[in-house]
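# Per-entry structural report
Take a look at the letters that make up each chain.
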Amino acid sequence: MTLYALAISPFVEFGFMRRALVACLALALGSAPVGVLLVLRRMSLVGDAMAHALLPGAALGAAVAGFSLWAMSVGGFIAALAVALMASWLTQRTAQREDASFTALYLIALAAGVMLVSSRGSSVDLTHLLFGSVLAVDDEALLLVAGVASASLLALAAAYRPLLVACMDPAFLRQMGSGGWSSTLLLVLAVANLVAGFQALGTLMAVGLMMLPATAARFWAARIGPQMAVAALLALLSGAAGLLLSFHAEQASGPAIVLVAGGLYLLSLLLGAREGLLWQMRRGRPS
């Protein structure tokens, strides 16, 4: 098989592959920089919790309006944002840690969502919500993903410094009385990108394209801006390579994309120029 047939022909010959690639590009540009901020804020697992918390809202949207893109998106956004804000409120009002609050609430939300889908739909409906299908992205879903990515980039550009301070020293912003809105903005951006991603990757896989490239980027760049650029590039590579793997191996696209992102993370862990394992071993050798 030639390189053209392996890597280029599927995107040239099939419109659904081109739409899927554009969706992955938009998700990479919007979600990967947000993932970097979540890692910096030590909220990596919170992204996973919010992705699972989408399910009851998406299930309610599907129950009310069928598999309507906008109904499921609005329902998922409201549900995930409610879980995020409730967890933050519990952390401030009680002695419970933030990760414990998110864990408790997302488990409740996930169980409620599965029950809703199971009582009103079929196993096919549940599979669609949990795993999505990036190869089935239509023009309406593509518009949503592109819109969320554009809004995310504009918000990051407008509030870059407050978001950085909120991630690196949230106590300082709280003392200054201006930390609430930046932390809330970060949660809103995370939820919005997870909602856009779950249409293509499902609630279980949407967080993968957000967090895996972000964690891998820390092995290649020290500053936050370059980390965001590296994370977006790794997410795009994961999307393109995952789509090709899915196409040629006839496997589900969402897991294929996340597996490629996981492989790039492991390579970064080993070979990354900034504290990769092999570089650490090399520096540790006596000259």
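The notes below deal with the structure included here. (Residues numbered from 1 in each chain as written. Predicted model: local features only at pLDDT ≥ 70, side-chain atom pairs only at ≥ 80, totals over all residues. Heavy atoms only, no water.)

## As for the overall build of the chain
Formally: Strands are runs of DSSP state E lasting at least two residues, helices are runs of H or I lasting at least four, and both sets are numbered from the N terminus onward. Per-residue accessibility, obtained with a 1.4 Å probe over protein chains only, is compared with the maximum for each type, and a residue is labelled buried under 20%, exposed over 50%, and partly exposed between these values. By definition, residues are in contact when any of their heavy atoms lie within 4.5 Å. To measure how exposed things are, a 1.4 Å probe is used in the Shrake-Rupley method; for residues, cover is taken only from the protein chains shown.
Looking only at helices and strands, one finds 14 helices and 0 strands in the chain. Secondary structure elements of the chain occur, N-terminal to C-terminal, as α-α-α-α-α-α-α-α-α-α-α-α-α-α. Buried positions account for 46% of the 287 residues belonging to the chain. Considering only contacts within the chain whose residues lie at least 6 apart along the sequence, 71% involve residues at least 24 apart. Surface accessibility of the chain: about 13900 Å² in total, with carbon and sulfur atoms responsible for 68%.

## With respect to the side chain of Gln227
Take Gln227: it is sitting in helix α12 (residues 224-249). Look at Gln227 and you get buried, because its relative accessible area is 2%.

## Describing the packing of aromatic side chains
Here is the rule: Pairing of aromatic rings covers Phe, Tyr and Trp, the last counted by its six-membered ring, and requires centre-to-centre distances within 6.5 Å; plane angles under 30 degrees mean stacked, over 60 mean edge-to-face, and any other angle means tilted.
A complete count under the given rule lists 3 aromatic pairs for this structure. Arranged with centres 5.5 Å apart and planes meeting at 50°, the rings of Phe14 and Phe16 form a pair that is tilted. Overall, the relative accessible area of 30% leaves Phe14 in the partly exposed class. With 5.4 Å between their ring centres and 50° between their planes, Phe14 and Phe247 make a pair best called tilted. Remark: Phe247 occurs in helix α12 and Phe14 occurs in the loop between α1 (3-13) and α2 (15-40); sequence separation between them is 233 residues. By the ring-pair criterion, three or more aromatic residues cluster together here, those being Phe14, Phe16 and Phe247.

## Details of helix α8 (residues 160-168)
We apply this condition: In this context, the arc is that of the directions from the helix axis out to the C-beta atoms.
Of the positions making up α8, those classed as buried are Leu163, Leu164, Ala166 and Cys167. Taken down its axis, α8 places every buried residue within 165° of arc, on the same side. Relative to its buried face, α8 has exposed residues pointing more than 90 degrees away, namely Arg161 and Met168.

## Re α2
Selection rule: Multiply 1.5 Å by the residue count of a helix minus one, and that product is the helix's expected span. To get the bend at any residue, fit one axis to the seven residues that end at it and another to the seven that begin at it, then take the angle between the two axes.
A rise of 1.5 Å per residue sets the reference length of α2, with its 26 residues, at 38 Å; its end C-alpha atoms lie 38 Å apart and thus fit the reference within 8%. The largest bend in α2 is about 30°, located at Ala28. Arg42 sits one or two residues past α2 and shows a positive phi near 60°.

## Some thoughts on unusual backbone geometry
Positioned with a positive phi, Arg42 is a non-glycine residue whose angle comes to about 60°. Of note in the backbone geometry, Glu250 takes a positive phi value of approximately 55° without being a glycine. Residue position: Glu250 is located in the loop between α12 and α13 (253-271).

## Some remarks on the packing of helix α11 (residues 208-217) against α12
Our working rule: For helices, the fitted line uses only the C-alpha atoms of the stretch in contact; every axis is such a line through C-alpha atoms, and the angle between N-to-C directions lies from 0 to 180 degrees. Note on angle classes: values under 35 degrees are labelled roughly parallel, values over 145 roughly antiparallel, values of 65 to 115 roughly perpendicular, and the remainder oblique. Each crossing gets its hand from how the near helix is turned against the far one by less than a right angle, where anticlockwise is left-handed and clockwise is right-handed. Side-chain classes are defined by residue name, with Ala, Val, Leu, Ile, Met, Phe, Trp, Tyr, Cys and Pro counting as nonpolar, Asp, Glu, Lys and Arg as charged, and the others, Gly among them, as polar.
As a packed pair, α11 and α12 sit with axes 8 Å apart at the nearest point and diverge in direction by 130°. With respect to α12, the element α11 is oriented oblique. Considering how the two elements wind past one another, α11 and α12 form a crossing that is right-handed. Between α11 and α12, the residues in contact are Leu209, Pro213, Ala214, Ala216 and Ala217 and Gln227, Val230, Ala231, Leu234, Ala235 and Ser238, respectively. A per-class count over the contact of α11 with α12 returns 9 nonpolar, 2 polar and no charged.

## Section: the nonpolar core
As a reminder of what qualifies: We call a set of buried Ala, Val, Leu, Ile, Met, Phe, Trp, Tyr and Cys residues a nonpolar core when their side-chain atoms join them within 4.5 Å.
The biggest cluster of nonpolar side chains holds 78 residues, and the ones touching the most others in it are Met50 and Val134. Per-element accounting of this core gives the leading share, 14 residues, to α2. Contacts of Val134, omitting those with residues within four sequence positions, involve Ala20, Cys24, Ala200, Leu201, Leu243, Ser253 and Ile257.

## Quick notes on the environment of Leu153
For Leu153, the position within the fold is in helix α7 (residues 139-158). Of the residues examined, Leu153 reaches a relative accessible area of 37% and is grouped as partly exposed. Considered as a pair, Leu153 and Gly30 are 123 residues apart in the sequence and their alpha carbons are 6.2 Å apart.

## Details of a nonpolar patch on the surface
As a reminder, the rule being used: Each patch is built from residues that are more than 30% exposed by relative accessible area and take part in no salt bridge. Like charges join if they lie within 9 Å; nonpolar side chains (Val, Leu, Ile, Met, Phe, Trp, Tyr) join within 5 Å. For salt bridges, the criterion is a side-chain nitrogen of Lys or Arg within 4 Å of an Asp or Glu carboxyl oxygen.
Where nonpolar side chains cluster on the molecular surface, the patch consists of Trp220, Leu267, Leu270, Leu271, Leu277, Leu278 and Met281 and spans about 640 Å² of accessible area. Those elements that place two or more of their residues in the nonpolar patch are α13 and α14 (277-284). For Leu271, the position within the fold is in helix α13.

## Some remarks on the environment of Gly76
Tracing the backbone through its elements, the reader meets Gly76 in helix α4 (residues 69-93). In sequence terms Gly76 and Met50 are 26 residues apart; their C-alpha atoms lie 9.7 Å from each other. Setting aside anything within four residues of it in sequence, one finds Gly76 in contact with Leu54, Gly57, Ala58 and Val195.

Limitation: the analysis is restricted to geometry and does not speak to function.
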